[in-house]
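# Inside the fold
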Amino acid sequence: MTTTRRIMAIVAMLCAVAMSLAGCIKSDDSHQDLYNDPSASQVNLGLGDNPRVVALGWSDGEIALSLGVKPVAIYDWMKFGDANKGVGPWTTSQFGSDSPQLISAASAGEFNYQQIKELKPDLILDVRGKADSKVTDSLRKIAPVVAAPTGSPDFAVSWKVQTQLIGTALGKRAEADALIAQTVDLQNKIRSENPAFAGKTFVWGAKFGSAYGAYLPGDARFDTFAELGFVQNPPVKDLQAQGFFASVPTEKVKSLDAQVAILSTISLPLSALTGDRLINSLQVVRDGRAIELAEEDPIAQAMSAGTPQSLRYALEKLTPRLAGAVGKVG
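Description of the structure in this document.

Looking now at the overall build of the protein chain. A tally of helices and strands in the protein chain yields 13 helices and 14 strands. Each of the 330 residues in the protein chain was classed as buried or not, and the buried ones make up 53%. Put simply, 69% of the contacts in the protein chain that link residues at least 6 apart link residues at least 24 apart. Summed over its atoms, the accessible surface of the protein chain is roughly 14,100 Å², and 49% of this surface lies on carbon and sulfur atoms.

Another aspect to go through is empty space enclosed by the protein. With the rule as written, the count across this model stands at 1 cavity of 30 Å³ or more. Of the pockets and cavities examined, the largest cavity occupies roughly 100 Å³. If you go around the largest cavity, you meet 15 residues; those closest to its centre are Ser59, Tyr75, Trp77, Phe80 and Gly86. At the level of elements, α2 (60-66) and β4 (73-76) are the ones that each hand at least two residues to the lining of the largest cavity. Grouping the amino acids of the lining of the largest cavity by side-chain chemistry returns 8 nonpolar, 4 polar and 3 charged.

In terms of burial, helix α12 (residues 298-305) is a largely internal element, 7 of the 8 residues being buried. Those residues of α12 lying buried are Ile299, Ala300, Gln301, Ala302, Met303, Ser304 and Ala305. The opening residue of α12 is Asp297, an N-cap whose side-chain oxygen sits 2.8 Å from the backbone nitrogen of Ile299.

Conventions we followed
- Residues numbered from 1 in each chain as written.
- Predicted model: local features only at pLDDT ≥ 70, side-chain atom pairs only at ≥ 80, totals over all residues.
- Heavy atoms only, no water.
- Helix = DSSP H or I, 4+ residues; strand = E, 2+ residues; numbered from the N terminus.
- Buried < 20%, exposed > 50% of the residue type's maximum accessible area, 1.4 Å probe, protein only.
- Contact = heavy atoms within 4.5 Å.
- Areas by Shrake-Rupley, 256 points an atom, 1.4 Å probe, with all protein chains shown as cover.
- 1 Å grid on protein atoms, 1.4 Å probe; cavity = no way out; pocket = protein on both sides within 12 Å on 5 of 7 lines; lining within 4 Å.
- Points joined across faces, edges and corners; volume = space filled by probe spheres on them.
- Nonpolar A, V, L, I, M, F, W, Y, C, P; charged D, E, K, R; others polar.
- Polar contact = N/O pair within 3.5 Å; in protein donor to acceptor, adjacent residues only side chain to side chain.

What follows is the structure, encoded as structure tokens:
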């Protein structure tokens with residue numbers, strides 16, 4: 001795989017999209033697809049109080065854990081590792097003394113079905129994952145599968161729908177709704193306390209390889225801040241979109257020059273960003289209105305994880321810095 005293709009694969013995995021209102025739970029017992037509106041009543045899968053859950057989708061394990069269900073195995077997409085038990089450090093303590101088996105992300109989404117079968121799962125979560133019916137069919141031969149909403153692109157499920165689907169399948173829909181409400185309430189509180197955010201142009205940009213990009217509406221890295229009152233920087237709308245990420249060629253790097261920006265990297269050290277001549281030429285950077293985050297910074301990781309808990313963690317850390325940046329807008 002070329003460097004460019006690897007980068008675009010990473011970008012595709014990072015996108016989180018608000019698309020559909022329907023979910024899918026597939027069980028080998030019935031060989032039928034049960035499409036569930038996340039606003040509907042809970043689906044009783046007969047899992048009992050302590051189901052053996054294998055979480056394969058991006059952040060699926062973290063959401064299950066936040067709902068009080070400790071997965072027996074987690075696909076460690078973000079390489080949180082054994083120390084963090086495959087979830088963000090803002091959630092690790094909820095495992096207590098237990099630890100899940102971590103499935104390495106080195107296989108880039110290719111599952112070892114025998115390994116999963118040996119885990120004897122009662123339920124498999126593959127909500128924010130690759131939209132591949134062959135994968136789902138293979139998994140449902142092992143256990144019931146909570147899959148992405150019908151028609152969702154790869155790794156493209158909004159955090160709200162993802163939380164609702166997992167909560168419904170686990171018989172914890174009320175708890176899922178409460179988690180969502182806590183995050184929404186925090187967003188509303190921040191927006192109310194920071195009226196100066198309203199209408200300020202915003203961009204979350206990234207440097208990868210020798211190129212740049214910007215996250216678009218539909219991805220948590222934009223939508224979370226739109227909920228606070230920020231608006232998309234107009235030049236970004238004219239860029240070529242690839243899902244919910246737009247490539248920014250070097251000649252259009254000024255598209256990232258919003259009133260407020262968050263800038264990070266993909267598979268590059270922060271020094272590749274802070275030492276970038278074109279990035280440093282942007283007025284938003286020169287005026288100190290840009291927040292630059294290393295890829296491994298917990299705030300950047302939390303936004304990438306895109307769960308109710310991780311978004312609250314990121315918002316609590318970022319809000320004072322956003323207020324400082326907005327205060328410098330002329």
